[in-house]
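Inside the fold
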Amino acid sequence: MARKPFSVPEWVKNLTILVLTLSALCLIVLSPLSQWLPLSLLSATGSQEQAGGGNGDTTGTAAALPKAIAVGNDNGRYAVQHSGTQVEAVFTAVGALLSEALGSAKTPQPLEEGRWQAALGGTGVYFEFAGSIPLSALSSWLREGQSNPLLTQDVGRILVAPHWENPRQVYLYFQEAESGAFYACATALDTDLHLAPALADYPPNGAVFAFEEESLSALAPYTLVTTDTPSPAVYAAAQPFSPEDSAMCASLLSGCAFSSQSVAYTSNTGVVYKEGDDTLRLGSDGSIIYHAGEGSARYSLPGDEGLTAAAAIQVCRQLVNATAGSLCGEARLYLISASLQEDGTYTVLFGYMLENAPVYLYEEGWAARFTVGREGITDFTLRLRHYQATGETSLLLPAAQAAAALIAMDEAGSELLLTYRDTGGDTVSAGWVTG
């Protein structure tokens, strides 16, 4: 009689699978990369809310979404910048590298521009932001409130790439926004374990920086030029509320932490609400203007660190998200700047962004302006707009041709930017401008 072949009991198989699964999870948790990251960034995929969805969302990684990303690997460079969907997708996949680099960065050291340019040309991932962002705030956004106290500069460009003398060591490189100076700092990332595997699968698509091409030498050196021809949507633009709309006014009052039972009076420019010495005006022109009375703590700073750039931005983000962000339709809000003034207050500016292009609103460009002191927000002005795609697209020259046209117009040293211009009309479309 033939013997039955030996069969492993089903419970043994299940136990083996469980042990292997737990082992894999332990490897993830113990990895240096995971120590600094929110779980949403450990996934290769993410929701629109995590990666920077519309409707003015400025929470979590949405606030940190760059306007351009360039990935360098052994095959060349892949870059995206004119499609919000593409930028979100790449950022969801590689944003963990930026998060870990910021969280583990050591004290920044001055860097020669030649080193910066050489690093841009090799393996690494480059992030360019539409505004000037404090590194402390960026670190806090990506790491669930944990800021790196060693990073105090404001930046517009960041690169995560190997060190020039020790290629296994990954460094955080950045350009300070105001001075234009370059810095580098060591991180806990390893090129072979973390950087190279995350960047290996991106095929080159012909993207270059202006300093790398003689034909683009008249542009600002770090203008990123891609081969795609953008077809950004044309948007209908409108004022989203009227002071006569009682339901909308009640919603905005709530978003501004005012009671609908506040003392109110009508002026020729809108409705003014008073609570104590605090005043809030809902303007007939779509503006909201606030002024704090003496000693007001209506919009106090979060945490116990006092007045810092990150704290100022956080309290403003919460307010702008509950008001302008809830009414802007298919736009999203982005941080333009947070600048320290001579009197010790911060001026914080936010703007609207459509697709992946900033909206220059009215004469000043911004959508929200805040003044933040030691007690919190003392003044703000919001300019509410609502944007909805019309189904039409803006007709644009390819980036290289647009750059050549700017050079021909003697715009030497300028950066090529894709921007929407909103002067208060019914529609807005995108176009190339210099900056």
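Everything numeric here is computed off the predicted structure, so don't read it as measured data. (Residues numbered from 1 in each chain as written. Predicted model: local features only at pLDDT ≥ 70, side-chain atom pairs only at ≥ 80, totals over all residues. Heavy atoms only, no water.)

Some thoughts on the sheet that holds strand β1 (residues 68-73)
Convention followed: Strands qualify as paired when DSSP identifies two bridges or more between them. Going along the chain from the N terminus, every DSSP run of H or I of four or more residues is numbered as a helix, and every run of E of two or more is numbered as a strand. With axes taken as lines fitted to C-alpha atoms, and helix axes fitted only over the stretch in contact, angles between N-to-C directions fall between 0 and 180 degrees. Note on contacts: a residue pair is in contact if any heavy atoms of the two residues lie within 4.5 Å.
Read from one edge of the open sheet, seven strands run β2-β1-β4-β5-β6-β7-β3, paired in antiparallel fashion. Two strands lie at the open edges of the sheet, namely β2 (76-80) and β3 (109-111), each paired on one side alone. Taken over all neighbouring pairs, the strand axes of this sheet differ in orientation by 30° on average, direction set aside. Inspection of the sheet shows β3 paired to strand β7 (residues 182-190) by three bridges, in the antiparallel sense. In the sheet register, L111 faces β7, and the bridge partner there is F182. The strands that helix α5 (residues 113-120) touches are β2, β3, β4 (124-134), β5 (154-162), β6 (169-176) and β7; relative to β5, the one it contacts most, it runs at about 60°.

Quick word on the packing of aromatic side chains
Where we set the bar: By convention, a stacked pair of Phe, Tyr or Trp rings (six-membered ring in the case of Trp) has centres within 6.5 Å and planes under 30 degrees apart, an edge-to-face pair has planes over 60 apart, and any other such pair is tilted. Residue exposure (1.4 Å probe, protein chains only): buried if accessible area is under 20% of the type maximum, exposed if over 50%, otherwise partly exposed.
Per the counting criterion, the structure on display carries 20 aromatic pairs. On the basis of an interplanar angle of 20° and a centroid distance of 5.5 Å, the ring pair of F174 and Y183 is categorised as stacked. Residue F174 is classed as buried on the basis of its relative accessible area, which comes to 0%. Under the relative-accessibility criterion, Y183 is labelled buried at 17%.

A word on the pattern of salt bridges
Filter applied, for reference: By salt bridge we mean one thing: a side-chain nitrogen of Lys or Arg within 4 Å of a carboxyl oxygen of Asp or Glu.
Evaluation of the coordinates by the stated rule reveals 10 salt bridges. Put simply, K67 and E128 hold a salt bridge, and the shortest N to O gap is 3.6 Å. One end of the pair, K67, is in the loop between α3 (48-51) and β1; the other, E128, is in strand β4, and 61 residues separate them in sequence. Overall, E128 belongs to the buried group, its relative accessible area being 4%. Of the charged contacts, one joins D190 and R168 as a salt bridge, the two residues approaching to 2.9 Å between their closest N and O atoms. Of this pair, D190 sits in strand β7 while R168 sits in the loop between β5 and β6, placing them 22 residues apart in sequence. Residue classification places D190 among the buried residues on the basis of a relative accessible area of 14%. Salt bridges sharing common partners tie together K67, E128, R157 and E415.

Some remarks on the pairing of strand β17 (residues 357-361)
The buried fraction of β17 amounts to four of the five residues, a majority that puts the element mostly inside the structure. When strand β16 (residues 346-354) meets β17, the two strands line up antiparallel, connected through two bridges. Directly across from M353, in β17, lies its bridge partner P358. Remark: two residues form the turn of the hairpin made by β16 and β17, two consecutive strands paired antiparallel; E355 in that turn has positive phi of roughly 55°. As paired elements, β17 and strand β21 (residues 416-422) share three bridges and run parallel to each other. In the sheet register, Y360 faces β21, and the bridge partner there is R421.

A short note on the sheet that holds strand β20 (residues 386-393)
Spatially, β20-β10-β22 is the arrangement adopted by the three strands of the open sheet, whose pairing is antiparallel. The outermost strands of the open sheet, each flanked by one partner alone, are β20 and β22 (427-428). Strand direction decides the pairing type here: strand β10 (residues 233-238) and β22, joined by two bridges, are antiparallel. In the sheet register, A236 faces β22, and the bridge partner there is T427.

Some points on the nonpolar core
Put simply, the rule is: Throughout, nonpolar core names a set of buried Ala, Val, Leu, Ile, Met, Phe, Trp, Tyr and Cys residues whose side chains join them through atoms within 4.5 Å.
With 106 residues, the main nonpolar core has L98, L138, L172, V348, F370, V372 and F380 as its most contacted residues. What V348 contacts, discounting residues up to four positions off in sequence, is A312, I313, C316, L335, S337, A338, A368, R369, F370 and V372. By size, the runner-up hydrophobic cluster in this structure holds 19 residues, among which are A119, Y171, A186 and Y222.

Considering unusual backbone geometry
Even without a glycine there, the phi angle at A257 is positive, about 65°. Its place among the elements puts A257 in the loop between α8 (246-255) and β11 (263-267). A positive phi is found at Y362, a non-glycine position, where the angle reads about 55°. With respect to the helices and strands, the residue Y362 is situated in the loop between β17 and β18 (368-373). Judged by its relative accessible area of 23%, Y362 is partly exposed.

Things to note about helix α6 (residues 135-142)
Counting buried residues in α6 gives eight out of eight residues, a clear majority hidden from the surface. Those residues of α6 lying buried are L135, S136, A137, L138, S139, S140, W141 and L142. E144 sits one or two positions beyond α6 and adopts a positive phi of about 55°.

Observations regarding helix α9 (residues 309-322)
As a reminder of what qualifies: The span one expects for a helix is its residue count, reduced by one, times 1.5 Å.
Taking 1.5 Å as the rise per residue, α9 with 14 residues should run 20 Å; its terminal C-alpha atoms sit 20 Å apart, in good agreement. Extensive coverage of α9 is indicated by the burial of 10 of its 14 residues. All of the buried residues along α9 are A309, A310, A311, A312, I313, V315, C316, R317, L319 and V320.

Digging into the environment of L319
Mapped onto the elements of the fold, L319 is located in helix α9. Residue classification places L319 among the buried positions, given a relative accessible area of 5%. The spacing of L319 and A257 is 62 residues in sequence and 8.8 Å in space, taken between C-alpha atoms. Once residues within four sequence positions are removed from consideration, L319 is found in contact with G255, C256, Y299, F370, I377 and F380.

Some details on the confidence of the model for the chain
Spelled out, the test is: As a per-residue quantity, pLDDT reports the predictor's confidence and falls between 0 and 100.
Put simply, the chain has an average pLDDT of 84, and 85% of its residues get 70 or more. Under a pLDDT of 50 for its full length, residues 1-60 has, in the predicted model, 82 contacts with residues more than four places off or in other chains.

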